[in-house]
Amino acid sequence: MQHPVAYAVAPNGDYTLTSLWGLLLNPWAFWQYSHNMLGAVQTGSFAMAATGAYYLLIGRFEKQAELFLRVSIITVVIAATLQLFPTGDQQGVLVARYQQPTLAGMEGVFKTERGTPLAILGQPDVPNQKLDNPIEIPKALSFLTYHAWTAEVKGLDSFPQSEWPDRVSLLYYGYHVMVGLGTIFIAMAVVSAFLLWRKKLYSSRWMLWILLLSFPFPFIANTAGWITAEVGRQPYLVYGLMRTPAGISPRVSEGNAWFTLIGFMGMYMVLGILFLFLMYREIDHGPAPAEAN
Ligand code: HEM
C-alpha cells in the first residue's frame with residue numbers, strides 16, 4: 001500500500017502480482033517491519049522499567065525490581081537508538097524518494113527551496129501555506145533527506161493539491177509527536193543507563209518516578225507513527241495507483257460500516273478495560289514465588 005512493487009496491470013485494469021519474492025523483498029517492508037518491531041520492544045521495555053520503578057518506590061520485591069530495571073534499560077538503549085537510526089532514518093529516505101508530497105506534509109514544508117531547514121516546532125497554517133512560530137535548524141532537512149546541506153527539498157507548492165495528503169496538520173503533528181517522543185526516549189535511556197552504570201539508578205527516586213510515569217508514552221509514539229504512515233499515504237489507498245474513494249465497497253451500506261465500527265470499538269474497549277484490570281492485579285500480586293527464596 002505504501003510502495004507497490006512486483007505487479008502488472010491487466011487489460012481490464014486489474015492488478016496482478018508478478019513475483020512473490022519481489023513483494024517480500026520490497027525495500028519498504030524491511031525498514032517498516034523493523035521500525036515497527038522496535039516500537040513494540042520499546043513499549044514492552046518501558047512497561048517493564050515502570051513496573052521495576054514502581055516496586056522500588058514502594059519498597060516491594062526489590063531484588064526482582066532491580067533485575068527488571070537492568071534488563072529493560074539496556075534494551076531501551078539499544079532499541080531507542082535503532083528506532084532513530086537506521087530504521088527511522090531509512091523510512092524517511094524512502095518517503096522522500098517515493099512519497100514526496102507526504103514528506104513535505106510531515107515536515108511542514110510549504111515552499112520548495114534549497115538548504116531547507118528542519119522544523120523542530122511550529123504550527124502548520126494550511127490555508128495560508130506557512131508554518132507559524134517555527135523553531136528551525138537551518139539546512140538540516142536537506143542534509144537529513146539527501147545528505148547534502150544545499151539539496152532542494154520539494155515543498156507542497158511543487159505538487160497539485162489533488163496529490164497533497166488531505167490532513168496536512170494531522171500528518172505534521174503525528175510525525176512530530178513520534179519523533180519528539182523518540183528523542184525524549186533516547187535521552188531517558190542515556191540518563192538511566194548512566195545512573196545504572198554508576199550504581200545510582202535504584203536509589204535515584206526522581207529517575208524512578210520519571211520511568212514510572214513514562215510508560216504510556218511509547219503507546220502514544222506508536223499510535224502517532226501509525227497515524228503518520230496512514231494519513232501520509234492519502235489521498236491514495238495504494239500509493240500512486242489507487243485513490244482512497246476507489247476502495248469503497250458498493251455492497252457495504254453506511255449503516256453496516258457504522259455497525260461494524262461501533263461493534264469493534266466496543267469490543268476493544270472491553271478488552272482494554274480487562275487488560276488494565278489484569279495488569280494491575282498482576283503487578284499488585286507481584287512475583288511472589290521468587291521473593292520467598
Ligand atoms: C526517533 C525518531 C524517529 C524517526 C526519525 C521516525 C521515523 C519514521 C518514519 C519516517 C516513518 C514512516 C512514515 C510514513 O510511512 O509515512 C515512521 C513510522 C512509524 N514509526 Fe517512527 N520514527 C521515530 C521514532 C519512533 C518511535 C519512538 C516509535 C514508537 C515507539 C515509532 C513508531 C512508528 C510506527 C508504529 C510507524 C508506522 C509504521 C507503519 O505502520 O507504516 N517511531 N517513523
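Position numbers for residues start from 1 in each chain and track the written sequence from start to end. At least 70 in pLDDT is required for a residue's local features to be given in this predicted model, at least 80 for side-chain atom pairs to be given and counted, and no such filter applies to totals for whole chains, interfaces and linings, which use all residues.

K.L.:
Which residues make up the overall build of the protein chain, and what values go with them?
P.N.:
Secondary structure counts use DSSP, requiring at least four H or I residues in a row for a helix and at least two E residues in a row for a strand, with both numbered from the N terminus. Of regular secondary structure, the protein chain possesses 10 helices and 8 strands. Structurally, the protein chain occupies a C-alpha span of about 70 × 50 × 40 Å along its principal axes. To sort residues by burial, count the other C-beta atoms lying within 10 Å of each one's C-beta; a count of 20 or more means buried, 12 or fewer means exposed, and anything in between means partly exposed. C-beta atoms are built from the backbone. When each of the 293 residues of the protein chain is scored for burial, the buried share is 27%. Note on contacts: residues are paired as contacts if their backbone-placed C-beta atoms lie within 7 Å. Expressed as a percentage of contacts within the protein chain between residues at least 6 apart in sequence, the contacts between residues at least 24 apart total 66%.

K.L.:
Lay out the site of the ligand with the relevant residues and their values.
P.N.:
The criterion for a residue being near a molecule or strand is a backbone-placed C-beta atom within 6 Å of that molecule or strand. In the vicinity of the ligand lie 27 residues, with G39, G88, G182, G225 and A229 positioned nearest. Among the elements of the structure, helix 2 (27–58), helix 3 (62–98), helix 6 (168–197) and helix 8 (217–233) are those that each provide at least two residues to the shell around the ligand. For the shell around the ligand, the element with the highest residue contribution is helix 8, accounting for 8 residues. Grouping the constituent residues of the shell around the ligand by class yields 10 nonpolar, 17 polar and no charged. Ten residues, namely Ala, Val, Leu, Ile, Met, Phe, Trp, Tyr, Cys and Pro, are considered nonpolar, four, namely Asp, Glu, Lys and Arg, are considered charged, and the remaining ones, Gly among them, are considered polar.

K.L.:
Requested: an account of the nonpolar core, with residues and values cited.
P.N.:
The term nonpolar core refers to a group of buried residues, namely Ala, Val, Leu, Ile, Met, Phe, Trp, Tyr and Cys, whose C-beta atoms join them within 7 Å. Within the largest apolar cluster, 24 residues are counted, with the highest numbers of intra-cluster contacts made by A49, A53, L69 and V76. At the level of secondary structure, the elements contributing two or more residues to this core comprise helix 2, helix 3, helix 6 and helix 7 (205–213). No other element matches helix 2, which puts 9 residues into this core. When sequence neighbours within four positions are dropped, the list of residues in contact with A49 reads F68, L69, S72, I73, V76 and L211. L103, L131, L141 and Y172 belong to the second largest nonpolar core, which has 21 residues in total.

K.L.:
Kindly report on the domain arrangement of the protein chain, identifying the contributing residues and their values.
P.N.:
Segmentation of the chain into domains, including their bounds, is taken from an automatic or database domain assignment. Partitioning the protein chain into structural domains gives domain 1 (23–248) and domain 2 (254–293). Between domain 1 and domain 2, the C-alpha centre-to-centre distance is 26 Å. At the junction of the two partners, domain 1 supplies 5 residues and domain 2 supplies 5 residues. Class assignment for the residues of the side of domain 1 that touches domain 2 results in 2 nonpolar, 2 polar and 1 charged.

K.L.:
Can you explain the pairing of strand 4 (residues 118–125)? Please cite residues and give values.
P.N.:
A pair of strands is treated as paired once DSSP finds two or more bridges between them. As judged from the 6 bridges shared by strand 4 and strand 5 (residues 130–137), these two strands associate in the antiparallel manner. Looking at strand 5, one finds that L118 is bridged to I137.

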